[in-house]
Amino acid sequence: MKDMDLEVHYVTRVEGHGNIYVNVKKGVIERCEWAIPEAPRFFEAMVVGRQWNELHHITSRICGICSIGHTLASLKATEAAMGIQLGDQDLKLRKLALHAENMQSHILHLGFLVLPDLMGVGSVIPLASSHPEEVKTVLRLHKLANEMSNLICGRTTHPQRLIPGGFAKLPTIKELARLRAKLKESIPDLQAVAGLIKKLASKLPDFNRETEFIALTKKEEYALYDGDLASTDTGKAPIGEYLSHTNEYIIPISTAKRAKHVRDSYMVGALARFNLNYDKLSPMAKQAAALFGLKPVCHNPFMNNIAQLVETVHTVEDSIKLIDEIEAVGMQMQPDYYRPDIKVKAGRGIGAVEVPRGILFHDYMYNQRGVCTKANCIIPTNQNHANIELDMKALLPKILDKPEKEIELNLEMLVRAYDPCISCSTHYVNVHFV
Amino acid sequence: MKPKVAFFDFAGCEGDQLQIANLEEEILALLGQVEIVAFREVMKEHSDDYDIAFVEGSCTRLLDEDRLKQIRKNAKLVVAIGSCAAIGGINSLKNYKDLDDVRKTVYGDQGKLFDTYAARPIDAVIPVDAYVYGCPMTKDEFLQVVKSLLLGKRPEIPNYPVCVECKKNENICAFDRGQYCVGTVTRAGCNSCCVNEGTICWGCRGLVDNPNENSHKEVLIKYGQTVDDAIAKFRLYFGWQEAKR
């Protein structure tokens with residue numbers, strides 16, 4: 001009978017610091033935990049006392065990888081509180097901003113963080129010499145996503161152009177058309193990445209554990225920028241009811257909060273969106289899903305990687321469509337250094353956005369001077385922590401007869417499949433077998 | 001032999017390390033010059049044998065000081081990357097609040113479980129050899145600092161305000177547009193990137209070494225802005241620097 005003390009301190013190739021603790025005595029699992037030791041950053045306290053036109057700038061700094069998503073959730077919350085409506089063109093541009101970030105983040109995760117596991121190496125660095133063409137393809141797609149962020153947001157990380165009520169500066173229609181041409185040219189690269197991952201997909205463990213999935217949903221489109229709240233267990237609900245879904249709680253071993261709804265845990269992210277909104281995916285994205293036999297509702301968390309790939313295809317196709325639509329009605333330009341006229345008022349506003357790792361909520365209270373008096377931010381990775389740990393507990397008995405190194409790798413791959421963003425959730429990943 | 005480099009992060013958003021990935025093809029060129037031996041965000045391998053340590057994030061609790069000191073012991077050169085590590089950055093917003101209240105606001109009655117102290121740049125804990133400013137740091141400046149260090153030179157970082165670059169870029173001054181801007185006292189080197197995109201300078205690169213406070217006050221008076229406006233904006237990024245002054 002096996003004894004094992006496994007302690008993975010700071011799981012690598014994830015964003016932030018997290019630890020895995022596993023303790024097995026005579027074949028009996030005594031401990032199997034997922035803990036976050038990251039230094040907490042207290043954003044919800046830091047924004048109190050700050051002005052309505054600064055909150056998106058501050059909360060963008062919660063996470064470098066999903067800074068566009070945080071900025072958008074923040075702006076939506078502020079705009080809801082102040083009763084600000086956006087024009088159709090601004091909405092389309094914001095959707096492009098979100099697509100750019102999802103593509104950047106998904107490609108970074110698949111190409112830099114997941115691919116090394118599938119190819120049996122410790123990082124992408126050796127792949128640069130052993131598989132230069134594949135690495136260059138990934139880099140090209142990553143660069144394109146960043147060019148798109150730059151064009152729409154004025155910067156890739158911590159965007160500048162996105163402001164309450166719209167944009168401080170707009171791309172020109174010529175720039176958008178050039179971007180569209182590049183997006184079209186990227187399709188063979190996407191196919192190459194899909195082909196490469198397809199060849200390696202058998203390395204993803206065949207592991208299923210039934211859980212609840214939560215994401216935004218919308219009748220008209222694959223919901224990312226807005227929509228209603230949807231659950232595979234309880235159906236649709238308005239965004240205003242989000243607190244009854246997230247139910248955050250604190251455990252002493254982690255600086256990151258956790259969440260649960262009707263079960264002990266739920267999952268958010270690409271797989272949750274795929275499971276809830278498959279019908280709304282673009283045609284090529286559905287083809288990509290079919291290549292991997294991925295169908296809703298899929299309960300294998302490792303398939304979140306594949307759902308990210310499917311979403312990347314959707315992003316490219318939908319971005320082309322959005323630019324077509326902007327072009328068709330004619331791009332409306334605005335004065336330089338544009339600042340929408342906003343009447344500051346007191347109130348509460350909630351902003352919910354699908355960011356790379358799942359649904360993100362920002363919820364603010366403002367006084368009549370536009371000063372924030374209360375803030376609540378619920379981060380996708382926090383919503384996933386409990387689900388990750390329950391997956392670990394379900395997976396471990398199935399792989400207990402394997403060598404310790406392989407168990408460690410499988411548990412790390414499980415964590416990585418969620419693409420956790422711990423900076424966000426406070427900020428860290430480690431595995432401890434104790 | 002190629003110099004060995006390592007990346008570490010403390011309290012921050014990892015947006016600066018992301019700029020390494022955002023180097024795109026230039027990463028391959030960088031890998032030709034240095035050997036990366038530790039970078040938790042992208043590699044499983046880890047070695048404590050390195051020449052240059054790049055550190056992102058602020059130090060926000062006592063228990064992180066030992067890790068920083070160990071990095072200092074292992075490295076020949078320590079480089080602070082990004083605002084949080086270089087100047088304390090946005091994390092220092094919480095330094096103006098009662099830290100017990102801050103913990104309670106976020107974690108409720110379990111706040112006491114979560115250790116925290118005033119956010120500070122890493123040079124408040126260990127000596128630092130070079131700085132890459134910015135939130136996030138710019139890729140170009142990072143490469144420039146790396147090149148200088150590899151050549152054994154001191155990196156040249158501007159010590160004049162963002163206004164100089166902003167004027168060169170022919171932006172309309174934020175004050176003339178009725179907005180408050182901290183570009184008058186903020187260290188240049190970003191090519192006034194935020195103003196170029198239609199907004200203001202938020203001060204993410206920190207104060208220049210000798211900010212001209214009198215001239216800044218003149219600007220405030222000229223445009224009818226109050227000292228309170230100025231102090232509020234200073235606090236976004238200058239918290240630690242202001243406390244030290």
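Reading the values: the criteria
- Residues numbered from 1 in each chain as written.
- Chains lettered and ligands numbered in written order.
- Predicted model: local features only at pLDDT ≥ 70, side-chain atom pairs only at ≥ 80, totals over all residues.
- Heavy atoms only, no water.
- Core = buried A, V, L, I, M, F, W, Y, C linked by side-chain atoms within 4.5 Å.
- Buried < 20%, exposed > 50% of the residue type's maximum accessible area, 1.4 Å probe, protein only.
- Helix = DSSP H or I, 4+ residues; strand = E, 2+ residues; numbered from the N terminus.
- Expected span 1.5 Å × (residues − 1).
- Bend = angle between axes of the 7 residues up to and from the residue.
- Pairing = 2+ DSSP bridges.
- Axes fitted to C-alpha atoms, helices over the stretch in contact; angles between N-to-C directions.
- Contact = heavy atoms within 4.5 Å.
- Polar contact = N/O pair within 3.5 Å; in protein donor to acceptor, adjacent residues only side chain to side chain.
- Salt bridge = Lys/Arg side-chain N within 4 Å of Asp/Glu carboxyl O.
- Phe/Tyr/Trp six-rings, centres within 6.5 Å; stacked < 30°, edge-to-face > 60°.
- Lys NZ or Arg CZ within 6 Å of the ring centre and 35° of its normal.
- 1 Å grid on protein atoms, 1.4 Å probe; cavity = no way out; pocket = protein on both sides within 12 Å on 5 of 7 lines; lining within 4 Å.
- Points joined across faces, edges and corners; volume = space filled by probe spheres on them.
- Nonpolar A, V, L, I, M, F, W, Y, C, P; charged D, E, K, R; others polar.
- Buried area = accessible area lost by both parts, 1.4 Å probe.

**Section: the nonpolar core**
Proteins that are soluble and globular tend to have nonpolar side chains buried together. In this structure, Leu294(A) and Phe142(B) are the most contacted members of the largest nonpolar core, which totals 201 residues. Considering each element in turn, this core owes the most residues, 14 residues, to helix α4 (residues 88–118) of chain A. The next biggest cluster of nonpolar side chains, apart from the first, holds 14 residues, and it includes Leu229(A), Tyr242(A), Val268(A) and Ile359(A).

**What about the environment of Ala77(A)?**
Considering the arrangement of structural elements, one finds Ala77(A) in helix α3 (residues 67–82). In this structure, the C-alpha to C-alpha distance between Ala77(A) and Met365(A), residues 288 residues apart in sequence, is 9.1 Å.

**Some details on helix α13 (residues 380–399) of chain A**
All names here are of chain A. Helix length check: α13 (20 residues) gives 28 Å between terminal C-alpha atoms against 28 Å at 1.5 Å per residue, within 8%. Remark: the principal bend of α13, roughly 30°, maps to Ala-386. With 15 of its 20 residues buried, α13 lies for the most part within the structure.

**Structural notes on the sheet that holds strand β12 (residues 372–378) of chain A**
Sheet strands line up and pair through hydrogen bonds in the backbone, either parallel or antiparallel. Residues and elements named next belong to chain A. Pairing is antiparallel in the open sheet, where 3 strands are placed in the order β10-β11-β12. Here the strands that pair on one side only, and so sit at the sheet edges, are β10 (347–355) and β12. Mean inter-strand twist for the sheet, computed between neighbouring axes without regard to direction, equals 10°. In this sheet, strand β11 (residues 358–366) lies alongside β10 in antiparallel orientation, the contact comprising 9 bridges. Bridge pairing in β11 links Arg-348 to Met-365. Running at roughly 150° to β10, α3 makes contact with β10 and β11 of the sheet. Across the sheet, α13 lies against β10, β11 and β12, angled at about 130° from β11, the strand it touches most.

**Comments concerning the side chain of Arg187(B)**
Residue and element names in this part refer to chain B. Tracing the backbone through its elements, the reader meets Arg-187 in the loop between α7 (162–168) and α8 (193–196). On the basis of relative accessibility, which here comes to 6%, the residue Arg-187 falls in the buried class. Looking at Arg-187, its side chain comes within polar contact range of the main-chain oxygen of Pro-158, at 3.0 Å. Polar contacts involving the side chain of Arg-187 include one to the side chain of Asp-209, which spans 2.9 Å. Those residues in contact with Arg-187 that sit more than four places away from it in its chain are Tyr-133, Ile-157, Pro-158, Asn-159, Tyr-160, Val-162, Arg-205, Gly-206, Leu-207, Val-208 and Asp-209.

**Observations concerning the sheet that holds strand β2 (residues 35–39) of chain B**
Residues and elements named next belong to chain B. Spatially, the 5 strands line up as an open sheet ordered β2-β1-β3-β4-β5, and their pairing is parallel. This sheet does not close on itself; its edge strands, each paired only once, are β2 and β5 (130–132). With strand direction ignored, the average angle separating the axes of adjacent strands in the sheet is 20°. Relative to strand β3 (residues 52–56), strand β1 (residues 4–9) is paired through 5 bridges, and the arrangement is parallel. Paired with Asp-9 across the two strands is Glu-56, which belongs to β3. Running over the sheet, helix α3 (residues 65–74) touches β1, β3 and β4 (77–81) and is turned about 155° from β3.

**A short note on the pattern of salt bridges**
All names here are of chain A. Using the criterion set out here, one finds 43 salt bridges over all chains in the structure. Between Arg-140 and Asp-189 there is a salt bridge; the shortest N-O distance is 2.8 Å. Taken together, the positions of Arg-140 in helix α6 (residues 132–153) and Asp-189 in helix α8 (residues 187–200) put the pair 49 residues apart, joining distant regions of the chain. A residue is classified by how much of its surface remains accessible, and Asp-189, at 15% relative accessible area, is buried. For Lys-218, the salt bridge identified is with Glu-221, shortest N-O distance 3.7 Å.

**Side note on the packing of aromatic side chains**
Counted by the stated rule, this structure contains 13 aromatic pairs over all chains. On the basis of an interplanar angle of 70° and a centroid distance of 5.2 Å, the ring pair of Phe234(B) and Phe238(B) is categorised as edge-to-face. Linking Phe234(B) with Phe238(B), this pair stays in helix α10 (residues 227–244), spanning 4 residues, or about one helical turn. Taking the relative accessible area as the measure of exposure, Phe238(B) reaches 1% and is therefore buried. A network of ring pairs unites the aromatic residues Phe7(B), Phe39(B), Phe54(B) and Phe142(B) as a single cluster. Note that Lys260(A) overlies the ring of Tyr249(A), its terminal NZ or CZ placed 5.4 Å from the centroid.

**Points about empty space enclosed by the protein**
Approximately 330 Å³ is the volume found for the largest cavity. Along the wall of the largest cavity there are 27 residues; nearest its centre are Phe112(A), Val124(A), Ala21(B), Ile27(B) and Val42(B). Top contributing element to the lining of the largest cavity by residue count: α4(A), with 5 residues. Counted by class, the lining of the largest cavity contains 20 nonpolar, 3 polar and 4 charged residues.

**Examining the interface of chain A and chain B**
Contacts between chain A and chain B engage 67 residues on the former and 63 residues on the latter. Interface area for chain A against chain B, summed over the two sides, is near 5600 Å², with a carbon-plus-sulfur share of 59%. On the chain A side of the contact with chain B, Phe42(A), Met46(A) and Tyr337(A) bury the most area, a combined 14% of that side's loss. Summed over the shared surface of chain A and chain B, the number is 5 salt bridges. Where Glu25(B) meets Lys143(A), a salt bridge forms, and the shortest distance between an N and an O atom there is 3.6 Å. If you look at where chain A meets chain B, you find 30 residue pairs in polar contact (both at pLDDT 80 or more). At 5 residues, α6(A) tops the list of elements feeding residues into the side of chain A that touches chain B. Tallied by class, residues from the side of chain A that touches chain B come to 29 nonpolar, 21 polar and 17 charged.

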